[in-house]
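# Examination of the molecular architecture
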Amino acid sequence: MVRVNLFLAAVLSLAVLCLAACGPVSEDTESTLKTSTFEVSSKKASVSPVKVAAQGATDLSGMWHWSVDPYADGYAGFHGGQAGYGSRRYNFIDVEAEMRKNPTALFEYDMDHAKTAKIPGAWIGHEPEMRHYQGVVWYQREFEVTPRSDERLFLEFGAVNYKADVYLNGERLGQHEGGFTPFSFEVTDIAIDGVNQLTVGVDSRRDWQSVPPPVTDWETYGGITRPVHFVRRPETYIAESWVRLDDDGRIRIDARLDGSTKAGQAMSLRIPELDITLDGQSDAEGNWTTDMPLPADLALWSPKTPQLYTVEVESADDRWTDRIGFRTIALNGEDILLNGKPIFLRGISIHEEEIGSNPVRDISATNARALLSEVKDGLNGNFVRLAHYPHSDVMTRMADELGLIVWSEIPVYWRIDWENDETLALSKSMIEENILRDRNRASILFWSVGNETPISDRRNDFMNALVAKTRELDSSRLVTAALMTSKQEEGGVLTARITDPLADQLDVLSVNTYDGWYGPVAVGDVSEIRWDLDFDKPLIFSEFGAGAYIGLSGEDVPRKFSVEYQDEMYRETLEMSAEIPSLRGISPWILKDFRSPRRQHSIYQNGWNRKGVITETGERKPAFHTLSEHYKKLADDWE
Ligand code: GCB
């Protein structure tokens, strides 16, 4: 094994062997870890559009060493302060050689000899003992680099759930918080010629300042859940490109160069299939912003015709490419217009969990296609709500390709610390990372800023700030959030209203409605509920549903958890929905039974939320067919 800084390690090992017992020595403590959202110790780090990784990138997927650290000894000493030297999983040393060489040296880890697991992959899949583990796990692998003087080097992470502390060759690059969005570090000055050692401390724990909070209704899936890439770029490279069709019918391009020669560079855009080339020049800041008329022969993207084009943006040294669809979105009172035509969203909600009896949040292209094909072909759908956090970009790219409209969400969910400025900053950074990653996806029509958040003055301010941030970053899409409703008896009729003040801020109203499952309303009375809405905005049912255990059926009176009960709930709610003039979309809860630790009925649940219309292994329940038929009729009515 090649290690380059053995000398440094030897000096350090003498100097700090006592530290495990000696207590605090630096501010690199747990409290720093708790408060930071995107904090970088030494070198440049940036949010990065994932597409960069596909170009000039080495995929570091494969077998990585891993080691549990339940007391977070790799983060801090047992009296606080810096971690003891013998517990720092990120040391760039050969632990075994060190201990052989120095009889006083004590290491209580050895990553080189630790077990291995396939990365990306949540640790729930590493071994059965990890099933309910919440805490710190360290990951490590080596990779070879031959640096070139005219290149810049980056490490890019698709997603690490929930906090990541990243070290290269023993040097701390920084921390990222938020389990669902990409981040990167520039390592040009840290990567070495030869074998490099990458170490990631992953902490799955959350508190009330976290987003999402500690209490949710899904499996946490701690770990490095999306690919890691080592990326080489030219010294001046294309850091971002956003190419889309704007409301005014023109194709707009925003590209940004980063590097010492970013000013005044010749830039060009090409769409080879349409024989289009557009030339221009970056400004003093390296930005190139321009537009062009819509080519006459361009086919617009829609669920029926999901046409994508290869788009290339070029600078002197670099080339960025993506597959992009072009379409417009607008509102006209209660109508959502796609390419100028009113649409009805025939959808369903999905968690990021593949079909199978033992999911590990492995969203390969095959697994994404399997999920989305159930919506598109099985349900006759045109829409998916990717709940409750940004899903893998494999899903959003697949939605582009298959022709499914997407609702993309950040995990501002139920109850978080509305008073906390850092929680707000974290939520905003998640919006930014999500939008930067996915703004070239034609399929995404909606950015959702949260789900079922309880009304209070502080929460209202918090959510309003998120709406404003979303519009600032992308004014071309519609902003929504899943709200709760209030219902009361009026003249003998149960009447539903939206009283949440957040409704006024949103482009599209969305409500979760569970009468017939939660609360006193009998399932057979759901179709009688009336909706009193006076907003001149479209409404989406972002959730409704009922738990159904595939093994419980055939009883005379449908009862909770029987598949007949779920089916009746669907029939009743769909009947009710047909009476709401402003309804423009439906996204029941949920496509597939999904893991949720809060669901522990020992016959029907055993850790699974059973509201799927298919089971975890893909078996369709009766409600699946009811929904599919309903959507077939809606498709005929609206197209
Ligand atoms: C909801 C939540 C969703 C839950 C669902 C349920 O309202 O938005 O995250 O999983 O209800 O099954 O109760």
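Note that this is a predicted model, so its numbers are computed, not measured. (Residues numbered from 1 in each chain as written. Predicted model: local features only at pLDDT ≥ 70, side-chain atom pairs only at ≥ 80, totals over all residues. Heavy atoms only, no water.)

## Regarding the packing of aromatic side chains
Going through the model one piece at a time under the given rule, you end up with 30 aromatic pairs. By the ring-pair criterion, three or more aromatic residues cluster together here, those being F180, W218, Y389, Y413 and W414. Over the face of the ring belonging to W242 we find R244, whose NZ or CZ atom lies 3.7 Å from the ring centre. (Phe/Tyr/Trp six-rings, centres within 6.5 Å; stacked < 30°, edge-to-face > 60°. Lys NZ or Arg CZ within 6 Å of the ring centre and 35° of its normal.)

## Focus on the side chain of E240
Within the fold, E240 resides in strand β16 (residues 237-245). Relative accessible area serves as the criterion here: at 16%, E240 is assigned to the buried category. (Helix = DSSP H or I, 4+ residues; strand = E, 2+ residues; numbered from the N terminus. Buried < 20%, exposed > 50% of the residue type's maximum accessible area, 1.4 Å probe, protein only.)

## With respect to the site of the ligand
Surrounding the ligand, one finds 14 residues, the nearest of these being D217, H388, E452, Y518 and K611. Take N451: an N or O atom from its side chain is 2.9 Å from an oxygen atom of the ligand. Interatomic distance of 3.3 Å between a side-chain N/O atom of Y514 and an oxygen atom of the ligand. Protein chains shield 97% of the accessible area of the ligand, which is 320 Å² for the free molecule. (Near = heavy atom within 4 Å. Polar contact = N/O pair within 3.5 Å; in protein donor to acceptor, adjacent residues only side chain to side chain. Areas by Shrake-Rupley, 256 points an atom, 1.4 Å probe, with all protein chains shown as cover.)

## Some thoughts on empty space enclosed by the protein
In this structure the tally under the stated criterion is 9 cavities of 30 Å³ or more. Estimates place the volume of the largest cavity at around 100 Å³. The leading source of residues in the lining of the largest cavity is β16, at 4 residues. In terms of residue class, the lining of the largest cavity is built from 7 nonpolar, 4 polar and 7 charged. Among the domains, domain 2 (250-327) and domain 3 (337-638) are the pair contributing at least three residues each to the lining of the largest cavity. (1 Å grid on protein atoms, 1.4 Å probe; cavity = no way out; pocket = protein on both sides within 12 Å on 5 of 7 lines; lining within 4 Å. Points joined across faces, edges and corners; volume = space filled by probe spheres on them. Nonpolar A, V, L, I, M, F, W, Y, C, P; charged D, E, K, R; others polar. Domains from an automatic or database assignment.)

## Describing the pairing of strand β31 (residues 486-490)
In this sheet, strand β32 (residues 493-497) lies alongside β31 in antiparallel orientation, the contact comprising 5 bridges. Following the sheet pairing, S486 is matched in β32 by R497. Here β31 folds back onto β32, and the loop between the two strands holds 2 residues, one of which, G491, carries a positive phi near 55°. (Pairing = 2+ DSSP bridges.)

## Description of helix α10 (residues 563-577)
For α10, which comprises 15 residues, the first-to-last C-alpha distance of 21 Å matches the rise-based estimate of 21 Å (1.5 Å per residue) to within 8%. Considered for burial, the residues of α10 that qualify are V563, Y565, Q566, D567, M569, Y570, E572, T573, L574, M576 and S577. For α10, the secondary structure elements touched by its buried residues are β34 (530-531), β35 (539-543), β36 (583-586) and α11 (622-638). (Expected span 1.5 Å × (residues − 1). Contact = heavy atoms within 4.5 Å.)

## Things to note about the side chain of H391
Within the element layout of this structure, H391 appears in the loop between β27 (383-386) and α7 (393-402). Since its relative accessible area comes to 2%, H391 is described here as buried. Contact partners of H391, with chain neighbours within four places excluded, come to R226, I350, H351, E352, L386 and R437.

## Some words on the environment of F183
Take F183: it is sitting in strand β12 (residues 183-186). Taking the relative accessible area as the measure of exposure, F183 reaches 0% and is therefore buried. For the pair F183 and F157, spaced 26 residues apart in sequence, the C-alpha separation works out to 5.5 Å.

## As for the confidence of the model for the protein chain
For the protein chain, the average pLDDT comes to 91, and 91% of its residues sit at 70 or higher. Contacts of residues 1-45 to residues separated by more than four positions or lying in other chains number 99 contacts, the stretch itself having pLDDT below 50. A low-confidence stretch, residues 49-53 stays under pLDDT 50, and its non-local contacts, those more than four residues away or across chains, total 20 contacts. (pLDDT = per-residue confidence, 0-100.)

## Some remarks on α7
In terms of residue burial, α7 counts as a mostly covered element, since 7 of its 10 residues are buried. Of all the residues in α7, the buried ones are D393, M395, T396, M398, A399, D400 and L402. Sitting at the head of α7, S392 places a side-chain oxygen 2.9 Å from the backbone nitrogen of V394. Two residues or fewer past α7, G403 is found with a positive phi of approximately 90°.

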